[in-house]
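Each chain, letter by letter, is given below.
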Amino acid sequence: MDKPATNIETIAKTCIAGRLRLINRVVSNIYDDALRPFGLKISQGNILIFTGKLGVASPVQICEHLQLDASTLSRNVELMRKNGWLEEVPTDDARSRPFRLTEAGKRLVESAIPAWEKAQAEAKELLGDDFVSLLNKAAKRASESNRA
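Conventions we followed
- Residues numbered from 1 in each chain as written.
- Predicted model: local features only at pLDDT ≥ 70, side-chain atom pairs only at ≥ 80, totals over all residues.
- Heavy atoms only, no water.
- Helix = DSSP H or I, 4+ residues; strand = E, 2+ residues; numbered from the N terminus.
- Rg over C-alpha atoms; globule rule 2.2 N^0.38 Å.
- Buried < 20%, exposed > 50% of the residue type's maximum accessible area, 1.4 Å probe, protein only.
- Contact = heavy atoms within 4.5 Å.
- Areas by Shrake-Rupley, 256 points an atom, 1.4 Å probe, with all protein chains shown as cover.
- Lys, Arg positive; Asp, Glu negative; His and termini not counted.
- Charge placed at Lys NZ, Arg CZ, Asp CG, Glu CD.
- Salt bridge = Lys/Arg side-chain N within 4 Å of Asp/Glu carboxyl O.

Caption draft 1: The arrangement of the overall build of the chain in detail. Within the chain, the regular secondary structure consists of seven helices and two strands. In the chain, the order of α-helices and β-strands from amino to carboxyl end is α-α-α-α-α-β-β-α-α. Since a compact globule built from 148 residues should have a radius of gyration of about 15 Å, the 19 Å found for the chain marks it as more spread out than a globular shape. Considered along the principal axes of its C-alpha atoms, the chain spans approximately 70 × 35 × 25 Å. A burial count over the chain gives 26% of its 148 residues as buried. Counted over contacts in the chain with a minimum sequence separation of 6, partners at least 24 positions apart contribute 52%. Carbon and sulfur atoms form 56% of the exposed surface of the chain, whose accessible area is close to 10,700 Å². Between the averaged position of the 22 positive side-chain charges in the chain and that of its 19 negative side-chain charges there is a distance of 3 Å.

Caption draft 2: View of unusual backbone geometry. Positioned with a positive phi, Gln-67 is a non-glycine residue whose angle comes to about 55 degrees. Note on placement: Gln-67 falls in the loop between α4 (59-66) and α5 (70-82). Accessibility expressed as a relative area gives 52% for Gln-67, which makes it exposed.

Caption draft 3: Inspection of the pattern of salt bridges at higher detail. Under the counting rule described, the total for this entry stands at eight salt bridges. Between Arg-100 and Glu-87 there is a salt bridge, with the nearest N and O atoms lying 2.7 Å from each other. Of the two residues, Arg-100 sits in strand β2 (residues 99-101) while Glu-87 sits in strand β1 (residues 86-88), which places them 13 residues apart along the sequence. Owing to a relative accessible area of 32%, Glu-87 belongs among the partly exposed residues under this scheme. Residues Arg-97 and Glu-88 are paired through a salt bridge, measuring 2.9 Å at the closest nitrogen-oxygen approach. Overall, Glu-88 belongs to the partly exposed group, its relative accessible area being 34%. Three or more residues joined by partner-sharing salt bridges are found here, namely Glu-78, Arg-81, Glu-88 and Arg-97.

Spelled out as structure tokens, the structure:
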């Protein structure tokens with residue numbers, strides 16, 4: 001006769017947040033390993049990509065889109081400015097401090113694309129097509145619910 005699972009056992013086996021964090025760490029390590037030769041982490045790459053997509057990005061836009069807290073973004077932006085990948089865009093409102101990719105930042109992104117593609121394929125192989133499809137749907141739902 002099986003004994004009933006304790007609350008701790010149940011949570012350890014079924015916690016969605018714990019499972020997602022595990023997957024996130026494993027997948028992030030795949031991308032970080034691929035991008036390391038470029039002096040880049042996937043978290044920084046995401047900031048560069050979204051900034052490039054916007055052209056000029058405000059910290060608020062990046063924080064909202066990537067679900068980052070302001071201090072994490074600020075640390076990353078400062079490091080990427082020191083590396084010459086981002087530059088502040090002058091504005092009348094000194095509080096907003098928008099930024100954009102520099103030419104060096106654009107070159108970095110372009111040169112890192114093959115490594116990103118390799119990591120993307122490795123992550124997809126690990127997770128499987130069905131999971132990636134469900135992940136895309138879940139990310140879209142989470143993004144839409146966050147805007148509501």
